[in-house]
Amino acid sequence: MDLILNRMDYLQVGVTSQKTMKLIPASRHRATQKVVIGDHDGVVMCFGMKKGEAAAVFKTLPGPKIARLELGGVINTPQEKIFIAAASEIRGFTKRGKQFLSFETNLTESIKAMHISGSDLFLSASYIYNHYCDCKDQHYYLSGDKINDVICLPVERLSRITPVLACQDRVLRVLQGSDVMYAVEVPGPPTVLALHNGNGVGDSGEDLLFGTSDGKLALIQITTSKPVRKWEIQNEKKRGGILCIDSFDIVGDGVKDLLVGRDDGMVEVYSFDNANEPVLRFDQMLSESVTSIQGGCVGKDSYDEIVVSTYSGWVTGLTTEPIHKESGPGEELKINQEMQNKISSLRNELEHLQYKVLQERENYQQSSQSSKAKSAVPSFGINDKFTLNKDDASYSLILEVQTAIDNVLIQSDVPIDLLDVDKNSAVVSFSSCDSESNDNFLLATYRCQADTTRLELKIRSIEGQYGTLQAYVTPRIQPKTCQVRQYHIKPLSLHQRTHFIDHDRKGEGVFKSDNISTISILKDVLSKEATKRKINLNISYEINEVSVKHTLKLIHPKLEYQLLLAKKVQLIDALKELQIHEGNTNFLIPEYHCILEEADHLQEEYKKQPAHLERLYGMITDLFIDKFKFKGTNVKTKVPLLLEILDSYDQNALISFFDAA
């Protein structure tokens, strides 16, 4: 049976990242589901279909770019709670849009990947992995290369928590706590992880799917001792890298199929034969990269479909609902009437948009003639990828823009060859270069067709000659603007890293301090600098609770002096006024006499260090936060209470507050 799916475009949001769209489970089988999606504007939108139109359930206000969106809830119940990762914060919403969680992770990098299992939260930034349980820090790992995705084998099927990291150095790292249990070398840089069949298959729950940036798809079993490779699909048709995977029975034979979305816009469906080997059943090309893919029912009850989101924010369904249905005369008349109404509605909407564009253009022309007019450069996002294809020893440069591309200028200061790409419809022209005087070895311009939003180039470099390749991307927007992207051509540009490393060559540094904040700063800075230099660091720490009290006692004399100094300076004006009014100061106590006599000296000292008290407050606040940060607890909400105690400072009360909190 051939699988026939018809395309339906539902709506468009802002630019989207990988894995930021989900379908909320329906209350009954094959009932229509709500779609929830997050975009780069920081907006989370949930919508459903009513009478063929997208109707919003809720829509949040803009905020930081949303990097990931996952569904969660109590294990073995419907996963209906919505969790998003934006910058270093995790937020949670109900399916009605009510926010119930705001968790600041305090990570030094923005979150790139997220997985949720019950009360366990697994996060990764570019190089840092963290595991939280009930928002308390449990485990930490610093990867030697960029982490592209994170997942955990199903806890409900296993007696252990087994996180798996997909790392750019062609390795899956299987963790136990904060340590690597073992590493699995895979055929390409893994970009996405998914549990096979959505649950890891069977009682073991150990089957894991992964896709790579060079388009390979594979299944592996993650046991406690070693990996078991089950099957692998090569990318013989030279399609794009895999960005998203889901399992759903779209064929309708009772067995879940494999849904795959690629960065060249290809959507694929794989069914399984009698030997449990995947067989391609359906593929369809969209015009831009597929960032998320889900199987479910959105457009109409009882009609299954594949729902995808694309880079520019389109939510599209590939549905089993037939476009042309066999019907009687009455039904045909009704369908024709519905179609006419829809066409009429679209025409009205188009006319309204054209009128609005005309108005805005006139306003722009009028304002641009004003002497006070200011020109603003329009911003636009670029989704780019520069990867090595080891099969033909070439590099793929993929440039994708949210709007149509006008032209791309390629410039290189090292000799490279541009190879033909079948998917590339742009017209290329070369300019002559004077490599001796200005280090230009290549100048080429690609002029794109009117609707091109994605351009793929193939480049071959010469090993030993290294430098920089630059792409100047100009989209079809007014006023004309351009973005430059740089890509480094390495000396051993056609080499691939090895994973056989001598672990005996290990360096170690031990840092000790009376102040926990010092250790916290060292940990953050070392992690950041190691991340910049791609150095693998294993950081462990031992915290002595007595050190906190000791540090507070060290700060006490300085804090007490500064509080007394501030108090004395505040009294000077009032005491001087009394002195003028009364004519003498004999009635004042000796302490106030002393303040008046030393007034000039006190004011001079206070002027020299006006923010010294604030700095001491800051040190104590940091000490308070860092003490509990190492325990995995966020106490920022208690800082106002701490400041109140400092304002009416008493050493014993402060120490008691640290102990009680």
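Not measured: the values here are computed from a predicted model.

Criteria and thresholds
Residues numbered from 1 in each chain as written. Predicted model: local features only at pLDDT ≥ 70, side-chain atom pairs only at ≥ 80, totals over all residues. Heavy atoms only, no water. Axes fitted to C-alpha atoms, helices over the stretch in contact; angles between N-to-C directions. Helix = DSSP H or I, 4+ residues; strand = E, 2+ residues; numbered from the N terminus. Parallel < 35°, antiparallel > 145°, perpendicular 65-115°, else oblique. Contact = heavy atoms within 4.5 Å. Nonpolar A, V, L, I, M, F, W, Y, C, P; charged D, E, K, R; others polar. Left-handed = near helix turned anticlockwise from the far one by under 90°. Phe/Tyr/Trp six-rings, centres within 6.5 Å; stacked < 30°, edge-to-face > 60°. Buried < 20%, exposed > 50% of the residue type's maximum accessible area, 1.4 Å probe, protein only. Lys NZ or Arg CZ within 6 Å of the ring centre and 35° of its normal. Salt bridge = Lys/Arg side-chain N within 4 Å of Asp/Glu carboxyl O.

Enquirer: Quick one: what's the story with the packing of helix α4 (residues 546-582) against helix α5 (residues 590-597), residue by residue and with numbers?
Expert: Packing of α4 against α5 leaves a shortest axis separation of 9 Å and a crossing angle of 95°. Of the possible angle classes, the one that applies to α4 and α5 is roughly perpendicular. Seen from α4, the contacting residues are Lys568, Leu571, Ile572, Leu575, Lys576 and Gln579; seen from α5, they are Tyr592, Ile595 and Leu596. The residue inventory of the contact of α4 with α5, partitioned by class, reads 6 nonpolar, 1 polar and 2 charged.

Enquirer: Residues and numbers for the packing of helix α8 (residues 639-647) against helix α9 (residues 651-660), please.
Expert: Running from N to C, α8 and α9 cross one another at 165°; their axes reach a closest spacing of 9 Å. By the angle between their directions, the pair α8 and α9 is classed as roughly antiparallel. Between α8 and α9 the crossing geometry is right-handed. Here Leu641, Leu642, Ile645 and Leu646 of α8 come into contact with α9, specifically with Ala653, Leu654, Phe657 and Phe658.

Enquirer: For the packing of aromatic side chains, give the residues involved together with the corresponding values.
Expert: Enumeration according to the criterion identifies 10 aromatic pairs in this entry. On the numbers, 5.7 Å between centres and 85° between planes, the contact of Phe83 with Phe100 is edge-to-face. With a gap of 17 residues between them, Phe83 in strand β7 (residues 81-86) and Phe100 in strand β9 (residues 99-104) connect regions that are remote in the sequence. A relative accessible area of 38% means that Phe100 is categorised as partly exposed. Ring centres 4.7 Å apart and planes at 70° place the aromatic pair Tyr541 and Phe630 in the edge-to-face group. Separated by 89 residues along the polypeptide, Tyr541 in the loop between α3 (516-532) and α4 and Phe630 in the loop between α7 (612-629) and α8 bring together distant segments of the chain. Look at Phe630 and you get buried, because its relative accessible area is 15%. Put simply, the rings of Phe624, Phe628, Phe657 and Phe658 touch in pairs and so form one group of aromatic residues. We note Lys523 situated over the ring of Tyr140; from NZ or CZ to the ring centre the distance is 4.8 Å.

Enquirer: A description of the pattern of salt bridges should follow, citing residues and the corresponding values.
Expert: For the structure shown, the criterion picks out 27 salt bridges. Among the salt bridges present, the one from Glu321 reaches Lys300, with a minimum N-O distance of 3.9 Å. Residue Glu321 is located in the loop between β28 (314-319) and α1 (329-368), and its partner Lys300 is located in the loop between β26 (290-296) and β27 (305-310); the two are separated by 21 residues in the primary sequence. Relative accessible area serves as the criterion here: at 18%, Glu321 is assigned to the buried category. With relative accessibility at 37%, the residue Lys300 sits in the partly exposed group. With a shortest N-O distance of 3.6 Å, Lys532 and Glu529 are connected by a salt bridge. Here Glu529 and Lys532 lie together in helix α3, a separation of 3 residues that amounts to about one turn. Residue Lys532 is classed as exposed on the basis of its relative accessible area of 55%. Counted as one network, the salt bridges with shared partners bring together Arg239, Arg262, Glu268 and Asp283.

Honestly, it's all geometry; don't read function into it.
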